[in-house]
Amino acid sequence: MDAGGISDLDLEKYDADEQVKIICLGDSAVGKSKLMERFLMDGYRPQQLSTYALTLYKYTTTINGQTILVDFWDTAGQERFQSMHPSYYHKSHACIMVFDVQRKITYKNLPNWYKELREYRPEIPCLVVANKIDADIKVTQKSFNFAKKQGLPFYFVSAADGTNVVKVFKDAIQMALSYKKNSNDFMDEVMRELENFDLESKEETSDKEEETQEGKPDSA
Ligand SMILES: Nc1nc2c(ncn2[C@@H]2O[C@H](COP(=O)(O)OP(=O)(O)OP(=O)(O)O)[C@@H](O)[C@H]2O)c(=O)[nH]1
Ligand SMILES: [Mg+2]
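Residues numbered from 1 in each chain as written. Chains lettered and ligands numbered in written order. Predicted model: local features only at pLDDT ≥ 70, side-chain atom pairs only at ≥ 80, totals over all residues. Heavy atoms only, no water.

As named in an unreviewed UniProt entry, the protein chain is Rab-like protein 2A, taken from Anabarilius grahami. The protein chain has a UniProt comment under Sequence similarities (unreviewed entry) that states "Belongs to the small GTPase superfamily. Rab family." (UniProt positions renumbered as here; feature names shortened; annotations may be inferred.)

A. Representation of the pattern of salt bridges. Overall, the coordinates contain 8 salt bridges when judged by the stated rule. With a shortest N-O distance of 3.0 Å, K167 and D171 are connected by a salt bridge. In this pair, K167 and D171 both sit in helix α7 (residues 165-182), 4 residues apart, roughly one turn of the helix. Connected through salt bridges with shared partners, the residues D10, K58 and D71 form a single ionic network. (Salt bridge = Lys/Arg side-chain N within 4 Å of Asp/Glu carboxyl O. Helix = DSSP H or I, 4+ residues; strand = E, 2+ residues; numbered from the N terminus.)

B. Molecular detail of the packing of aromatic side chains. For the coordinates displayed, the defined rule picks out 16 aromatic pairs. On the numbers, 5.1 Å between centres and 55° between planes, the contact of F99 with F144 is tilted. Taken together, the residues span a long stretch of sequence, with F99 in strand β5 (residues 94-100) and F144 in the loop between β6 (126-131) and α6 (145-150) at a distance of 45 residues. This pair shows no difference in class: F99 is buried, exactly as F144 is. Each ring, one from F99 and one from F154, has its centre 6.5 Å from the other, and the planes form 25°; the classification is stacked. Here F99 is found in strand β5, whereas its partner F154 is found in strand β7 (residues 154-156), with 55 residues between them in sequence. (Phe/Tyr/Trp six-rings, centres within 6.5 Å; stacked < 30°, edge-to-face > 60°. Buried < 20%, exposed > 50% of the residue type's maximum accessible area, 1.4 Å probe, protein only.)

C. Focus on unusual backbone geometry. In this structure, N64 takes a positive phi of about 50° despite not being glycine. Among the structural elements, N64 can be located in the loop between β3 (54-63) and β4 (66-75). Of note in this structure, K132 is not a glycine but carries a positive phi near 75°. For K132, the location among the structural elements is in the loop between β6 and α6. The exposure class assigned to K132 is partly exposed, which follows from its relative accessible area of 26%.

D. Spatial organisation of the pairing of strand β1 (residues 18-25). With 8 of 8 residues buried, β1 lies mostly within the body of the structure. Pairing analysis gives 6 bridges linking β1 to β4, with the strands arranged parallel. The residue bridging E18 from the neighbouring strand is I68, located in β4. (Pairing = 2+ DSSP bridges.)

E. Representation of the nonpolar core within the structure. Formed by 57 residues in total, the largest nonpolar core has its most connected members in I22, L25, F72, I96, M97, L117 and F169. Per-element accounting of this core gives the leading share, 8 residues, to α7. In contact with L25, other than residues within four places in its own chain, are K32, M84, Y88, Y89, C95, I96, M97, V98, W113 and L117. (Core = buried A, V, L, I, M, F, W, Y, C linked by side-chain atoms within 4.5 Å. Contact = heavy atoms within 4.5 Å.)

F. Up close: the packing of helix α2 (residues 32-41) against α7. Two elements in contact, α2 and α7, have axes whose closest approach is 9 Å; the angle formed by their N-to-C orientations is 90°. Accordingly, the angle class assigned to the pair α2 and α7 is roughly perpendicular. Contacts between α2 and α7 pair L35, M36, R38 and F39 from the former with V165, V166, F169 and I173 from the latter. Residue composition of the contact of α2 with α7, grouped by class: 7 nonpolar, no polar and 1 charged. (Axes fitted to C-alpha atoms, helices over the stretch in contact; angles between N-to-C directions. Parallel < 35°, antiparallel > 145°, perpendicular 65-115°, else oblique. Nonpolar A, V, L, I, M, F, W, Y, C, P; charged D, E, K, R; others polar.)

Written as C-alpha cells, this is what we have:
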C-alpha cells in the first residue's frame with residue numbers, strides 16, 4: 001500500500017468498485033475523532049487501524065449500485081504543530097475541516113488549515129464544520145463567515161448528540177466521489193490515466209473475464 005492508502009488490493013479485499021480518501025483537519029480537541037466515531041458507529045461496521053500518528057477508518061457504502069470504499073484519515077497529535085505531514089494530504093479526495101464553536105481560536109485558525117490544504121490539494125472539496133453546538137444552541141444564530149467567503153459548504157453539528165453528523169459525512173463522500181470522477185487537477189488526471197493503463201493491461205492478460213466495465217467512470 002502506498003502513502004495515499006489507495007490500492008488495488010484494498011479494492012479487491014473489500015470488493016469495492018471505487019475508493020476515496022477523506023481527511024479531517026482542525027485544531028486539537030475540536031472533536032475530529034468524536035465526529036468520525038459518531039458517524040461510523042451509527043449502524044456501520046468500522047475497521048480501525050491505529051498508529052501513534054494517525055487512525056485510518058475503513059468504511060464501505062453503496063451509492064448508485066456501486067460499492068464505495070472510504071478511507072477516513074484522522075490524526076492524533078500532529079495538528080498541535082499546526083502542520084501536517086504531506087502524506088496526510090496525498091491523494092485525498094475531500095476534506096472535513098472542523099472547529100469548536102466554544103473556542104474562538106479554533107475558528108480563527110481555519111484560514112491556516114485551509115492555506116495548507118490548498119498548497120497540497122488545490123481543488124478538492126472542503127466542508128467546514130462547526131462542532132459542539134449542543135453546548136450552546138444559540139451559537140447557530142451567530143455567523144461564521146469564513147466558509148461563505150471561501151465558497152465552502154458549512155454545517156452546524158454535534159458529535160455529542162449526533163446533529164447533522166451523518167449529513168456531513170454523506171455529503172463529503174458524494175463530493176469526494178464526484179471530485180475523483182471529474183477532477184481537472186493535473187496530477188489526478190495523471191493518476192487516473194495510470195489506473196486506466198493498469199486496468200487495461202490486466203484485461204489483456206485475463207481474457208477469460210467476460211465482465212464489462214460498464215458504469216465504471218474510467219472505462220471511456
Ligand atoms: N459538548 C461536546 N463535546 C464534544 C463534542 N465533540 C467532542 N467533544 C469533546 O471534545 C473533546 C475533544 O474531542 P476529540 O474528538 O478527541 O477531539 P480531536 O479533534 O480529535 O482532538 P485531537 O485528537 O487532539 O486532535 C473530548 O473531550 C470530547 O468529548 C461535541 O459535539 N459536544
Ligand atoms: Mg483525535
